[in-house]
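Listed here are the chains, written in short residue letters.
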Amino acid sequence: MNTAEIMTAFTSGLADINLAEPDTARGGEKAAERMKTASSTIYDMAATLSAKGDLWNWGMYDPEIVDEIRARLPGFGEFGTDGFSEQLYFLALRDLPIGLDDYDGRTVLEVGCGTGEGLNFLSRIARGARMTGLDLSPRAIARASATLARADVLEFVHGDAEKLPFVDGSVNILVNIESSHNYPDLGRFLREVERVLSPGGILTHIDVFTRQRYAAMRRMTAEIDGLTWVTDHDISDRVRAAIGRRMASDSHFHATLARQRMNPMARRIAAHSQILMFGGMFAGYQPPAVIRLLSRIGIVPWVSGLPMESYRHQVAVRR
Ligand SMILES: C[S@@+](CC[C@H](N)C(=O)[O-])C[C@H]1O[C@@H](n2cnc3c(N)ncnc32)[C@H](O)[C@@H]1O
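Residues numbered from 1 in each chain as written. Predicted model: local features only at pLDDT ≥ 70, side-chain atom pairs only at ≥ 80, totals over all residues. Heavy atoms only, no water.

Named according to an unreviewed UniProt entry, the chain is Methyltransferase type 11 originating from Frankia casuarinae.

**Student:** Explanation requested: the overall build of the chain in the structure shown.
**Tutor:** Secondary structure summary: the chain contains twelve helices and seven strands in total. For a compact globule of 319 residues, the expected C-alpha radius of gyration is about 20 Å, and the chain comes in at 19 Å, within 12% of that figure. For the chain, the spread of C-alpha atoms along the principal axes amounts to about 55 × 50 × 35 Å. Per-residue burial over the chain gives 50% buried out of 319 residues. Contacts in the chain between residues far apart in sequence, at least 24 positions, make up 76% of those at least 6 positions apart. Total accessible area on the chain is roughly 15000 Å²; 53% of this is exposed by carbon and sulfur atoms. Side-chain charges in the chain split into 36 positive and 39 negative, and the spacing between the mean points of these groups amounts to 5 Å. (Helix = DSSP H or I, 4+ residues; strand = E, 2+ residues; numbered from the N terminus. Rg over C-alpha atoms; globule rule 2.2 N^0.38 Å. Buried < 20%, exposed > 50% of the residue type's maximum accessible area, 1.4 Å probe, protein only. Contact = heavy atoms within 4.5 Å. Areas by Shrake-Rupley, 256 points an atom, 1.4 Å probe, with all protein chains shown as cover. Lys, Arg positive; Asp, Glu negative; His and termini not counted. Charge placed at Lys NZ, Arg CZ, Asp CG, Glu CD.)

**Student:** What is the right way to look at the site of the ligand in this model?
**Tutor:** In the vicinity of the ligand lie 22 residues, with Trp56, Gly112, Asp135, Ala161 and Ser179 positioned nearest. At a separation of 2.7 Å, an oxygen atom of the ligand approaches a polar backbone atom of Trp56. Ile177 is positioned with one of its backbone polar atoms (N or O) 3.0 Å from a nitrogen atom of the ligand. Computed on the free molecule, the ligand has an accessible area of 590 Å², of which 98% lies beneath the protein chains in the complex. Taken together, the elements giving at least two residues each to the shell around the ligand come down to helix H2 (28-49) and strand E2 (130-135). Residue classes in the shell around the ligand are distributed as ten nonpolar, eight polar and four charged. (Near = heavy atom within 4 Å. Polar contact = N/O pair within 3.5 Å; in protein donor to acceptor, adjacent residues only side chain to side chain. Nonpolar A, V, L, I, M, F, W, Y, C, P; charged D, E, K, R; others polar.)

**Student:** Is there a simple way to explain the side chain of Asp135 in this structure?
**Tutor:** Residue position: Asp135 is located in strand E2. Although Asp135 is buried, it forms no salt bridge, and the closest oppositely charged side chain is Arg143 at an N-O distance of 11 Å. Non-local contacts of Asp135, meaning those with residues more than four positions away in its chain, are made with Gly112, Cys113, Gly114, Ile141, Val157, His158 and Gly159. (Salt bridge = Lys/Arg side-chain N within 4 Å of Asp/Glu carboxyl O.)

**Student:** Please explain the side chain of Thr221 as it appears in this structure.
**Tutor:** As for its placement among the helices and strands, Thr221 is situated in helix H8 (residues 211-223). On the basis of relative accessibility, which here comes to 17%, the residue Thr221 falls in the buried class. Among the polar contacts listed, one links the side chain of Thr221 to the backbone oxygen of Arg218, at a separation of 2.9 Å.

**Student:** Would you take a moment to explain the sheet that holds strand E6 (residues 227-234) for this structure?
**Tutor:** The pairing of strands in a sheet happens through backbone hydrogen bonds and is either parallel or antiparallel. The seven strands lie next to each other as E3-E2-E1-E4-E5-E7-E6, forming an open sheet whose pairing is mixed. With one partner strand each, in any of the chains shown, strand E3 (154-158) and E6 form the two edges of the open sheet. Mean inter-strand twist for the sheet, computed between neighbouring axes without regard to direction, equals 15 degrees. Sheet topology places E6 next to strand E7 (residues 310-318); seven bridges connect them, and they run antiparallel. Each bridged residue has a counterpart across the sheet, and for Leu227 the counterpart in E7 is Arg318. Its contacts with the sheet place helix H5 (residues 117-125) against strand E1 (107-111), E2 and E3, and it is angled at close to 170 degrees to E2. This element, H8, spans strand E5 (197-209), E6 and E7 of the sheet and lies at about 165 degrees to E5. (Pairing = 2+ DSSP bridges. Axes fitted to C-alpha atoms, helices over the stretch in contact; angles between N-to-C directions.)

**Student:** Explanation requested: the packing of aromatic side chains in the structure shown.
**Tutor:** The description of two aromatic rings rests on the distance between their centres and on the angle between their planes. Applying the stated criterion across every chain yields a total of eight aromatic pairs. Seen from their ring centres, Phe209 and Tyr214 are 5.5 Å apart, and the 65 degrees between their planes marks the pair as edge-to-face. Comparing Phe209 with Tyr214 shows no difference in burial state: the two are buried. A cation over a ring is seen here: Arg240 above Phe282, with NZ or CZ 4.0 Å from the ring centre. A cation over a ring is seen here: Arg312 above Tyr214, with NZ or CZ 4.1 Å from the ring centre. (Phe/Tyr/Trp six-rings, centres within 6.5 Å; stacked < 30°, edge-to-face > 60°. Lys NZ or Arg CZ within 6 Å of the ring centre and 35° of its normal.)

Quick look at the structure:
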């Protein structure tokens, strides 16, 4: 497949997964495999293009969380990122039945770890744990292993969320951030979570939902006996607050783009595509007139995005 075909397979795969009404039949195993091939190729490309410190989620903004992170990591905010994506990672561990000072000897698995930068950040927040990041993109894993892995603290493995390469009951805390909307079979992933978590183990799950995907998730959570769901918080406002700050003209995001060598039009197109990738539509982004014109004449592809309804944080405990 060439790049355009991969993009098409990825966007139509995402639509199939996230817009299907619960209980309707989808494309089956072949379509699922096509989506996974497209997804790992897209994130392989992202891994090649990403800079040191980049994370791949939409982020959140909450000044209280910023203060709590600074109390644990003095200098947070001066790491060369805007810190919004790290705040989402902090939230994932913040209000769990296990306190942040109680991680000694525990095993943490992140499924869909992308660049590994988020898990690396968590390894400095919740010290003493053995952390493993897993991702479907071989290049993201190779890059994370080469730059972030630390013996007995942090390692990275290639794998599929729907078929986790871990023995039953071997994980104490399973983190999943903005990844599960890519999985063709969410039920299969949740049954894998149920299998690998130890009794009392915790799933902390953060993702963006269409109306249909949320309905499907609620139905599945009721069906999986081994997981007790303890929270389901809508955090959309805090996610929109981060996206809005990233889109502002004086943001870290625009300053980073301004430092790259390209002509002004290429920079506007790059800004537009990155704003779309980082949730612009969810926060009410309207493409500028010049981009709308370029789309009309076919120079910039028109991307309307999926109708995402909410961004949520959900926690479940293994019985
Ligand atoms: C939007 S990125 C989020 C990455 C990271 N959690 C972060 O917040 O920076 C989604 C990630 O999910 C991964 N992914 C997609 N499908 C997957 C699957 N079936 N198994 C494991 N990882 C998957 C992608 O490769 C990508 O790294």
